[in-house]
Amino acid sequence: MKPEHDASVICWSQVCWSPGFTKVQANGGPAMETLPNTMLRMKLKPGIHTLAFEFEGKRQSTSVEGKAGDLRFVRIDGMVWSWKSSFEWAAEPEASIPERALKARLVADVVVR
């Protein structure tokens, strides 16, 4: 995975044992679906971006700043049990996410301008 000289690239990774989709979006744009152990890559204009995901009608968001040439990683962590499901932003340093993300299957490569 390479940085882009004129864009900020943000890679989303979903790690969980959920049987379903999680909808993700950047800056209120179109929602895309991820599956467990998948990754999607978004090329965005440099700047501060609002990233959000929705699962079972619950929405969580965070802000990520990306400069031209940046390659940033975010991860959604989830657990689904018969009695409870939970998804949240991973509480781990960003530097530890790429190794796991790069093992995931790329399901979307999107340019958001």
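In what follows, the structure referred to is the one given above.
Below is a short write-up of the structure.

Quick look at the layout of surface pockets
- Approximately 150 Å³ is the volume attributed to the largest pocket.
- Forming the walls of the largest pocket are Thr 62, Ser 63, Val 64, Arg 72, Phe 73, Val 74, Arg 75, Trp 89, Ala 90, Glu 92, Glu 94 and Ile 97.
- Broken down by secondary-structure element, the contributors of at least two residues to the lining of the largest pocket are strand S6 (58-66) and strand S7 (71-80).
- A per-element tally of the lining of the largest pocket places S7 first, with four residues.
- Considered class by class, the residues forming the lining of the largest pocket number six nonpolar, two polar and four charged.

Digging into the pairing of strand S2 (residues 22-26)
- Within S2, four of the five residues are buried, which leaves the element mostly enclosed by the surrounding structure.
- Strand direction decides the pairing type here: S2 and strand S3 (residues 32-34), joined by three bridges, are antiparallel. Each residue of the ladder has a partner; that of Val 24, found in S3, is Met 32.
- Between S2 and S3, which pair antiparallel one after the other, the connecting turn spans five residues, and Asn 27 there sits at a positive phi close to 55°.
- Alignment of S2 against strand S5 (residues 47-55), held across four bridges, turns out to be antiparallel. Pairing of Ala 26 across the sheet is with Leu 51, part of S5.

As for the side chain of Arg 41
- Here Arg 41 shows up in strand S4 (residues 38-44).
- A polar contact is formed between the side chain of Arg 41 and the side chain of Asp 109, at a distance of 2.6 Å.

Let's talk about the environment of Ile 76
- Note that Ile 76 resides in strand S7.
- Accessibility expressed as a relative area gives 1% for Ile 76, which makes it buried.
- With 13 residues separating them along the chain, Ile 76 and Trp 89 place their C-alpha atoms 4.8 Å apart.

Some thoughts on the sheet that holds S3
- The four strands lie next to each other as S3-S2-S5-S6, forming an open sheet whose pairing is antiparallel. The two strands at the open ends of the sheet, each matched to only one other strand, are S3 and S6. The sheet shows a mean angle of 30° between the axes of neighbouring strands, taken without regard to direction.
- Here nine bridges tie S5 to S6, and the two strands are oriented antiparallel to one another.

Some remarks on the pairing of S7
- Where S7 and strand S8 (residues 85-89) come together, five bridges link them in antiparallel fashion. If you follow Ile 76 over to S8, its bridge partner there is Trp 89.
- In textbook terms, the turn of a hairpin is the stretch between consecutive antiparallel strands, and for S7 and S8 this stretch comprises four residues.

Remarks on unusual backbone geometry
- A positive phi angle, close to 55°, is found at Asn 27, a residue other than glycine.
- Mapped onto the elements, Asn 27 comes out in the loop between S2 and S3.
- Of the residues examined, Asn 27 reaches a relative accessible area of 39% and is grouped as partly exposed.

Thresholds applied
Residues numbered from 1 in each chain as written. Predicted model: local features only at pLDDT ≥ 70, side-chain atom pairs only at ≥ 80, totals over all residues. Heavy atoms only, no water. 1 Å grid on protein atoms, 1.4 Å probe; cavity = no way out; pocket = protein on both sides within 12 Å on 5 of 7 lines; lining within 4 Å. Points joined across faces, edges and corners; volume = space filled by probe spheres on them. Helix = DSSP H or I, 4+ residues; strand = E, 2+ residues; numbered from the N terminus. Nonpolar A, V, L, I, M, F, W, Y, C, P; charged D, E, K, R; others polar. Buried < 20%, exposed > 50% of the residue type's maximum accessible area, 1.4 Å probe, protein only. Pairing = 2+ DSSP bridges. Polar contact = N/O pair within 3.5 Å; in protein donor to acceptor, adjacent residues only side chain to side chain. Axes fitted to C-alpha atoms, helices over the stretch in contact; angles between N-to-C directions.

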